[in-house]
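Each chain, written out:
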Amino acid sequence: MARLADYFVVVGYEHDKQGGGDGQGRILQRFPEKDWEDNPFPQGVELFCQPSGWRLVSERLEPSFFVAVLTDINSDRQYCSCFTFWEEADGMQAQKSLLSEGDDDDDGNMRPGRLFAPKSLVLVSRLDHAEVFRNCLGLIYTVHTDGVSVALETLIGNLLTCCIPLAGGSQLDPQSEEEHVRTITLGAGDRQVIQTPISASLPVSGCSVALLFRQLGIINVLYLFCAALTEHKILFLSSSYHRLTDACRGLLAIMFPLKYCFTYIPILPGKLLEVLSTPTPFIIGVNSFFRSETQELLDVIIADLDGGTVTIPECVHISQLPDPLLHQTQAALSMVLDPELEVADHAFPPASLQPSALKIQDKEIRAVFLWLFTQLLHGYRWCLHIIRINPEPIIRFHKAAFLGKRSLVEDDFLMKVLDGMAFAGFVSERGSPYRPIDIFDELLRNHAERFCLKGGSPRQLTAHIKELTEKLFKNENPYPAVAMRRSQRQSEGTPVPPQSQPSAFPHLDEVAVQLFIDHATAKLKAAPPIVKAEMKCMVPSGPSPGDATEKNGSVLANSARRLEVVRNCIAYIFENKLLEAKKLMPAVMRALKSRAARLCMTQELNQHVLQNRAVLDDQQFDYVVRMMNCTLQDCSNMDEHEIAAALLPLVTAFCRKLGSGTTQFAYCCVQEHAVWANMQFWEAMFYSDVQNHIRTLYLDFKENELPGPEPSEGSEEERGALEIASEQRRLWPTFSKEKQQELVQKEESTVFSQAIHYANRMSYLLLPLDTSKNRLLRGSGLGDAESVTNSYVTNSIAGSMGESYDTESGFEDAEGSDVANVVVRFITRFVDKVCTESGVTNEHLKSLHIMIPDIVQMHIETLDAVNRESKRLPPIQKPKLLSPTLLTGEELVMEAMRVYLLPDGREEATSAMGGPPLLPAEGAIFLTSYRLIFTGTPVDPLVGEQVVTRTFPVASLTKEKKIAVSISMDQLIQEGLQLRSCTFQLMKIAFDEEVASDLAEVFRKHLHKLRYPQNVRGTFAFTVGQAGGMVVEQKSKEKNQTFNSWQTSEFLQGFKLGHTLGRVGHSTAALSKNLMKTAKKTIGRQYVTRKKYTPPTWEQRSSFQSQLEEDEISVSEELDQNPHTLSSTMKPVDRQTMSNVVERACCRDYQRLGLGTLSSSLTRSKNEPFRISTVNRMYTVCRSYPGLLIVPQSITDATIQRISRCYKQNRFPVVCWRNSRSKAVLLRSGGLHAKGVADFFKTPNAPSAAGPSQTDSISLEQEKYLQAIVSSMPSYSESSGRNTLSSFTPAATSSSDASDKLRQPKIGALMKQVMGSREDVPSGFGKGGKRAKIISYYHPRASEISQNSARGKWGSIRGTGQIAQLAGRDPPQANGSPADTHFLHPQRSYLYIIGDKSQLKGSKQDQFQQWEVVPIEVFDVRQVKTSFKKLMKACVPNSVSFDPNTAYYRCLEESEWMCLLHKILQVSVLVVELLDTGSSVMVSLEDGWDITTQVVSLVQLLSDPYYRTFDGFRLLVEKEWLSFGHRFSQRGAQTLAGQSGGFTPVFLQFLDCVHQIHLQFPMEFEFSQYYLKFLAYHYVSNRFRTFLLDSDYERIELGVMFEEKGEKRGPQTFKSVWDYIERLNKKTPIFFNYMFAPEDGEVLKPYSCISNLKLWDFYTEETLSEGPSYDWELVQSRPEQQPDAERPEKAVCVSRRRVVWPCYDCHSRVLPDAITKLLQELQSLEMELGKVPEKWKDTWDKIKSTQRAESRLESRASSRSLLMSSNISHQRRAQGACLHDSMMGSSINLALEAEGGVGSSSAGNLGSRPSTSTLYSQFQSTESENRSFEGILYKKGALLKPWRPRWFVLDKTKHQLRYYDNRQDRECKGVIDLAEVESMVPGTPTMGAPKNIDEKAFFDLKTTKRVYNFCAQDSLNAQLWMDNVQSCLSDA
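Residues numbered from 1 in each chain as written. Predicted model: local features only at pLDDT ≥ 70, side-chain atom pairs only at ≥ 80, totals over all residues. Heavy atoms only, no water.

On to the overall build of the protein, then. The helix and strand tally for the protein stands at 59 helices and 46 strands. Buried positions account for 54% of the 1932 residues belonging to the protein. When contacts within the protein are restricted to residue pairs at least 6 apart in sequence, those whose partners lie at least 24 apart make up 73%. About 86800 Å² of surface is accessible on the protein, with carbon and sulfur atoms providing 51% of the total. (Helix = DSSP H or I, 4+ residues; strand = E, 2+ residues; numbered from the N terminus. Buried < 20%, exposed > 50% of the residue type's maximum accessible area, 1.4 Å probe, protein only. Contact = heavy atoms within 4.5 Å. Areas by Shrake-Rupley, 256 points an atom, 1.4 Å probe, with all protein chains shown as cover.)

Following this line, the structure appears as structure tokens:
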């Protein structure tokens, strides 16, 4: 029996409070006045009576009732039922209260006397009977207000003395209603019924759960449910206190069987709101009045009951239920809350399906959550470890085993639940094997049959839920028919008159109430005690958690064959059949990836252990250890599958004998695994072993006739530990004290002995074999960050080991302390923890503390002997190291080091995508002066005969770092390195144990020294072939430094002049004077290693004077056509000097373009627009420019020197190319300095009164310079008026040039696309009064950004990738109407300046200027660097990842490499369009040497076909990249000075753009894709000197500018990559493009949108057989496998099939293309015939000329190439570009049909100038062209149709006979299916047959449909046709 209520309290308003602030309450009376001994009175009750604060109100409020929950120090909850009503306060009290509260209300209508104060009647109880307390307090209030003649003291006394049965007590006699129902009365004629719950463990919820779901909904409540279980902070808000209590009660009810262990305050007073800042989890309810004060809580989940919302902060992550359970739970809750949902779609729905009553629905919801917990926790009892039975059970839960058996290791929600305090209490309360059971235990027992939904239906689940609902409802309402009667208030329903308001609640008589209490207490003491008998029994364990998994087969996923392989291999090992075991070992290693195979291995090994020992020989021991390591490496540190637990006894059993009686156990070789350092693992293993020994202990007692029942028929040995513990707990009271004490001592001794045993085991696996190094194991990860243990008493050893809870490792201080001390501390803390929890006595614990250091020291001594003897073992035979082939001049820097090449993220070599596992491979790494080379053989013996090679140049190394290696090999690996190259190679190497750690460090230092030499002379290109290369230290350069004496002598020696120049002074001034006097001599020869280029008209140049009087060389614009040679009057010296000048790349190209012709008079010709200037001959104007520059004729050198200061790096505008048709020029320069931007655009027509300043003068000269560029254009000089872009529109086309007409519509459509929609165009654009315009590209709106997709050919130049818009000063047209007609007639500028937008802010142009500025936003080199790093990680990942966020395409997209290519191509094509329409363009971006170089190079490549040849592309790179000073040294980090800057692949980006153009126009390039890859590889390899240094100035400074051709060098040593390519191109067609068939003057305009770009296979391809194929000598030197030499006897059938591995073989060598194969066969035949093989190029030229002659007879269109019948998959439309807008669904055609009437007129001009589309569409194949036999046949048509010649094609593949109009026709005119042919016979001539044809030339083909009549040219051809057709029919 228990008291219904413990205390009755009257709390009133404190009128006597002094000071400002809110009022407060005080306890007026309390009954009883003394505390109960078993339940002290709670403090602070007055705060909870008015949680919002005690206040006076102006009118009487209705009485209120709610229940507050208080928690005492013992975590016991007390329920405070508060009944509050309002009483009128007298005048004096009200005034006093108002003054004390500081009331500022000035309302005169409110009289102070009409204030009402709250008063509360409070019942404090340990029982939660809210409705009973509501009725009792309501009855007391009613008796008071209605004046019932019953003393209040009587009511209160009866209430405090009322006793009711405890919950669960009625189980003894279920038939007795008195035990279930208790009727109480307070003495006022009332009668109340109290029903006691049947089960004390089940919570009583009433209707609270159903109300919670109605208020918040299913999803929100599930969020709160998961948040409470995973220990988050939850705050309820509502304006109703009663709803707050019900919501909190409902949340706790659905958590059953778990109990909430943290702060629980359903109603929190306002004065205690600071509790919300506590760091611990809580469930708290707060009135909505305080909502504003909860907004700053950043980690609290707020549930608004009134609004039905749940707010989860961004920083809070709530783990959700596992997906199947979550879906099933939501479906079940929907069926309960909305039963009509299931039948809502039925055609004949039932009459009505109303939800259950609120109380029933409440139990239905709880039944769903009971089912949910059954699904989550079923089988948990199988993972309980009982470590003590007597005197009290001690239970521990094995979390890892539970998760492993349930296959829920990755489930974040369940992991957090199992680690939480609620589950800890669950194990403590329900883990006991002998206790009363409840409904949850029954559910777990019947789980397999009733609640497993595998194969079940929702109807079955609904039936189970209804059954559970009945049990839950029966528990709360044992007798539902007995209703509780609520006493009604007499005055209820009728208003009380104001004059009859109730009086104040009277002061109660304490003596009277105390008498009642004393009398009841005495009576209770006199009564016999009531003993509550509990029905205890053994708790059922239910089905095993692995049963369901095993039924599904996921555990036994491995086939029986794989398990058999494991068994056979182990059998071979112990049968000493080691060769057979070695063959099976790779398959065993792969099979051990699965849990079943690992368990099978442990079981098989255990069978070979005899008496805890198994002695093996060396080879057997190595195999067993290798299998153990392979098994352990895939185990997590949790050991959820209990693999390490099974191996733990085996590692101390298997051993081998060493010398001098020493034995080495397997544990010495398996220590490098993280599981051994995990404290949770050791605890679980210890508890498991203790449980087994306790079980054995009591089984032995059973044999010794312990009292108890007879054993069952089943074997006693099959009983589990929990069953034995249950029986022992049942028998415990029957034992004598002596027997009890004996059992306790034996259990304690068992635990103590196991602690000693585990101290030894831990020392075995934690102490390294070589303890002299004073360090712990590297790879073990000891004491991982996993800090939660299986114990709920303490945390983990992490805090104790590292003296801090933040320590990641238990052995964090191992490096600085003695190994023995660290291991001793680790074991001591483990022993302290487990022994304290297991109840070991203090004496035993102290002895353990003394014993542990001795154990460790003894084991160290043993290990020293083992380590000493193990070093004497003969080394294991390892594969022979393979020596690599070296280049001429390449030298080894270090001897070979044995390493393992580990697999990286590329799956091709690891058998993940099929094929043999080539990696890991065992071999050696070689460091040479040029490369880093790995050569070896795969570890897998199935492919052990293959040679694996991976290499890359040392200069391409971008990142090197140490890595942690975890891979199972035959030998232990010490450490690893990861080396990444910018040639897209990655080496992950692990050093073999024979490689000392200091040697590995020496390797790293040598590698770093080679990668970053002190200066460029330390690179391989300079040191090759030198015995002792002299490295010249470069001095630091000053700002305006010129040549010093040594540099000058080198500079002059490079000239190789034909006469003696005399003694040159050491001063710079003397040198300058000499060079200025003889300007011709200062322009030395450059690139003499290049074959001299001789243009067609170069021999017809005029002569030169012998001496120069001026310092400049005059030029003429047009070539002199008069045939004459250099004048004989010129001295030989000058003639030689001019030859050197001509050979320079710039001069050669200027000569070809007509920009650099040298006049005969060497005087300035005033009618020539451009000249060659030598102003930079000493590199004093611009260090990074060449010495010869093209500038306007009218600009003097002095002007150039002045304007150069306004440009970054002094890179002023110079001409680099001219359009041969439109005469427009392309200029390049650096960006403007910030200070010169505004001055540059300043209006020059307003001079100041004081005269122009120096800045104004420079601005004028800048403008004069640009005006000179404009004036040089013929279109400007010939036009009489303003030349506008209206000429580009079809309506105003006035040019007579047909090619112009073809191009004109493109620029109009281009401007449309660039400017965007018409409503965005300024209305003032294009007006005649304004010439200067600034086109800017702005940031798109958010709505536009969301539509981020490829915008077709003309995308944005902005970084966002959106369509560019034109921003002008005038506002756009309203209502979206189009702008005025000037939009289609924009003004054309003569010069467009492509500039950086950031440099042109605030600029203002003059309206009369002739140029137009196009400011764009471009990316900088930092973006390129970042993008390239991401690209390398995407193409060559360092490890295989299954995370979708790191997938290949996702990483490729995030690298934004394609976006950068898109931007470069887009700007380039824009410049090409402008140049093609006659406008000059100046590219002025950044410093002028990165993006500017990329753009101008691509523009020239697209515009000029010459640059698409070998000679032209070389010249383009030499001119734009080398002479104009791209910073190869700095961007490539070639020296130590550039190391910090990192690698920035600007030139690689340019080559990638050329690759994209090559893919779209494969017939326009003379060189192949391999040519581009070759350059991409060697521009970073430092094998050649071509791409070293940053400018011509630095090359002269270093003395490498003028290296002679005739300089002596090795036979294979090349200093220039061009010479190497030229020589190699003569030997092999590897660089040649067989599809080269260019059109004259064709301008390429590629698609630039990302969808048209392809990833370069240079980034992804790999050839492990030979390494990169770009060092051709190495490729040729490798022996080829000759098929003839390997052919067996002729009698044996030999297959010609070859297996080509995707990552191993070189496809171009193994499977060459058809033409290369034919050329190779032709060369072989010539050699067999004894002839000198003809050069491949000569052979190719002969074949082409022959083919042209033959094809010219048939069709002119076929004269383009030998590949007329080739299939070209890519079709381009050169007439226009289709812009695909995926978001808008539009297609903008930039072709001639852009405007009306143009398409027809332009189409007629196509014949005069054929374009690329004609040639490309010629080879477009509409079907698969399999031409087995073809030729011309006459065919008779159908009835009344004549004979006609047709071109017939016999296709044996498709069994068809197709015919065309002619040979070039691509459209098939008819098909004869050979499957329908019935016969083929000779025919006879019919009417209309061809004349003069032999009769035998006719034949007929009969099909099922008709008869075809054919006629060949002669009888021989007819017979050939008949034979071929008959052969095809026979094959079919």
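One open sheet holds the five strands; their spatial order is β11-β12-β10-β13-β14, and the pairing between them is mixed. The open sheet has two edge strands, β11 (263–265) and β14 (309–311), and neither has a second partner. Each adjacent strand pair in this sheet contributes to an overall mean axis angle of 20 degrees, direction not counted. Across three bridges, β11 lies against strand β12 (residues 282–287) in parallel orientation. Looking across to β12, one finds that Ile265 is bridged to Ile284. Lying on the sheet, helix α7 (residues 218–229) is in contact with β10 (233–238), β12, β13 (300–304) and β14; it crosses β10 at an angle near 140 degrees. (Pairing = 2+ DSSP bridges. Axes fitted to C-alpha atoms, helices over the stretch in contact; angles between N-to-C directions.)

What follows is about the pattern of salt bridges. Applying the stated rule across the entire model yields 70 salt bridges. For Asp618, the salt bridge is made with Arg656, and the minimal N-O distance between the two is 3.6 Å. Taken together, the residues span a long stretch of sequence, with Asp618 in helix α22 (residues 618–633) and Arg656 in strand β20 (residues 654–657) at a distance of 38 residues. Taking relative accessible area as the criterion, Arg656 reaches 8% and is therefore assigned buried. With its nearest N and O atoms 2.9 Å apart, the salt bridge here joins Arg1583 to Asp1671. Taken together, the positions of Arg1583 in the loop between α50 (1569–1578) and α51 (1592–1598) and Asp1671 in the loop between α52 (1617–1627) and α53 (1672–1677) put the pair 88 residues apart, joining distant regions of the chain. Relative accessible area serves as the criterion here: at 6%, Arg1583 is assigned to the buried category. A residue is classified by how much of its surface remains accessible, and Asp1671, at 2% relative accessible area, is buried. Where salt bridges share partners, they join Asp1149, Arg1152, Arg1228, Asp1504, Lys1519 and Glu1520 into one cluster. (Salt bridge = Lys/Arg side-chain N within 4 Å of Asp/Glu carboxyl O.)

The next point concerns helix α16 (residues 458–476). In this model α16 runs 27 Å from its N-terminal to its C-terminal C-alpha over 19 residues, within 8% of the 27 Å that 1.5 Å per residue would give. Burial in α16 covers these residues: Leu461, His464, Ile465, Leu468, Thr469, Leu472, Phe473, Asn475 and Glu476. (Expected span 1.5 Å × (residues − 1).)

Okay, the environment of Ile389 next. Counting through the fold element by element, Ile389 comes out in the loop between β15 (384–388) and β16 (394–397). Exposure remark for Ile389: the relative accessible area of 1% places this residue in the buried category. Taking the C-alpha atoms as reference points, Ile389 and Ala725, separated by 336 residues in sequence, lie 6.0 Å from one another. When neighbours within four sequence positions are excluded, Ile389 is seen to be in contact with Ile694, Tyr698, Ala725, Gln728, Arg729 and Glu747.

Of all hydrophobic cores here, the largest spans 255 residues; its most connected members are Phe8, Phe225, Phe236, Ile283, Met628, Phe654 and Trp682. Residue contributions to this core peak at twelve residues, all from helix α24 (residues 679–703). Ranked by size, the runner-up nonpolar core spans 142 residues in total, among them Phe1020, Tyr1185, Tyr1265 and Val1499. (Core = buried A, V, L, I, M, F, W, Y, C linked by side-chain atoms within 4.5 Å.)

In this section: helix α6 (residues 208–216). Of all the nine residues making up α6, seven are buried; the element is thus mostly covered by neighbouring parts of the structure. For α6, the set of buried residues is Ser208, Val209, Ala210, Leu212, Phe213, Gln215 and Leu216. Once α6 finishes, Gly217 follows within two positions and takes phi at roughly 90 degrees, a positive value.

Moving on, we come to unusual backbone geometry. At the junction of Phe31 and Pro32, the peptide bond is cis and its omega measures out at -15 degrees in the coordinates. Along the polypeptide, Pro32 turns up in the loop between β3 (25–31) and α1 (45–49). Cis geometry is found at the peptide bond from Leu919 to Pro920, where omega equals 5 degrees. Positioned with a positive phi, Tyr1179 is a non-glycine residue whose angle comes to about 55 degrees. The residue Tyr1179 is located in the loop between β31 (1170–1173) and β32 (1189–1192) in this model. With a phi angle near 65 degrees, Lys1223 is a residue other than glycine that sits in the positive phi range. With respect to the secondary-structure elements, Lys1223 resides in the loop between β33 (1214–1218) and β34 (1225–1229). Taking the relative accessible area as the measure of exposure, Lys1223 reaches 30% and is therefore partly exposed.

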